[in-house]
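Commentary on secondary and tertiary structure
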Amino acid sequence: YTSIQDAVDASSEGDEIIIFPGEYEEAVDLKNKFLYVHGYDPYNTIIFNTLGDYDHCPLWVGPQTVENLTLYAKKDPNEDYSGLRPPYAVHLDQRWGSTKTAIFRHCRFFNDFGGEIGTGVIDGVHIIVDDCYAEDNIVNANAMQVHGDTTGTGVATIDIINSTLKVVKDSGNG
């Protein structure tokens, strides 16, 4: 395939997508299929983009297992991002439905706009973040943002195991 998105589009429920080492400048939407997506290792398999737009983050996920990737929403110093709603590095969307699980293992998340992991949850969703690293260098931003939907309680199970979610504090105001 010429892109990760092409592989996703051609995939079927339950397929495995292997991403070889490299830097991939894309906005990948894994859709609502259960997929197993993994890279070679998170230090050498990087999905990034410089679009700076909420609707085009490096990776949109649902009920998938994602392993060994770095996901990076990167700013281009030559671009003007004013007027755009900032992206997450990865966005877990509510559209994937309840009683399903999203798993991240051995992943790294970075975002020059702030907010590495954005999660919209509905009742019964299970999210596992295992052996991952997220670093937010924007003062007082969120390494992981969780919100419920408007039709339910947003009650979900989120397991953060052996992971670091690092946020820079405002040095002047605590």
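These lines cover the structure that appears in this document, whether it is placed above or below. (Residues numbered from 1 in each chain as written. Predicted model: local features only at pLDDT ≥ 70, side-chain atom pairs only at ≥ 80, totals over all residues. Heavy atoms only, no water.)

Quick word on the sheet that holds strand E13 (residues 125-130)
- The strand order across the open sheet built from 6 strands is E1-E4-E7-E10-E13-E16, with neighbouring strands paired in parallel fashion. Each edge of the open sheet is held by one strand with a lone partner, namely strand E1 (16-19) and strand E16 (156-161). Adjacent strand axes in the sheet meet at a mean angle of 5 degrees when their direction is disregarded.
- The pairing of E1 with strand E4 (residues 36-39) spans 4 bridges and is classified as parallel. Bridge pairing links glutamate 16 to tyrosine 36 in E4. (Pairing = 2+ DSSP bridges. Helix = DSSP H or I, 4+ residues; strand = E, 2+ residues; numbered from the N terminus. Axes fitted to C-alpha atoms, helices over the stretch in contact; angles between N-to-C directions.)

So, the nonpolar core
- In this structure, Leu30, Leu59, Val61, Val66, Val90, Phe104 and Phe109 are the most contacted members of the largest nonpolar core, which totals 32 residues.
- Listed by contribution, the elements that provide at least two residues to this core are helix H1 (4-10), E1, strand E6 (59-61), strand E9 (90-92), strand E10 (101-105), strand E12 (117-121) and E13. (Core = buried A, V, L, I, M, F, W, Y, C linked by side-chain atoms within 4.5 Å. Buried < 20%, exposed > 50% of the residue type's maximum accessible area, 1.4 Å probe, protein only.)

Description of the pattern of salt bridges
- Under the definition given, this model contains 3 salt bridges.
- Put simply, lysine 31 and aspartate 9 hold a salt bridge, and the shortest N to O gap is 3.6 Å. Here lysine 31, found in the loop between strand E3 (28-29) and E4, pairs with aspartate 9, found in helix H1; they are 22 residues apart in sequence, far enough to count as distant.
- Looking at aspartate 9, the relative accessible area reads 41%, which means it is partly exposed.
- When the shortest N-O distance is used, the salt bridge between glutamate 67 and arginine 105 registers 3.4 Å. Taken together, the residues glutamate 67 in strand E7 (residues 65-67) and arginine 105 in strand E10 connect sequence positions 38 residues apart.
- When salt bridges with common partners are traced through the structure, they connect Glu67, Arg105 and Asp130 into a single cluster. (Salt bridge = Lys/Arg side-chain N within 4 Å of Asp/Glu carboxyl O.)

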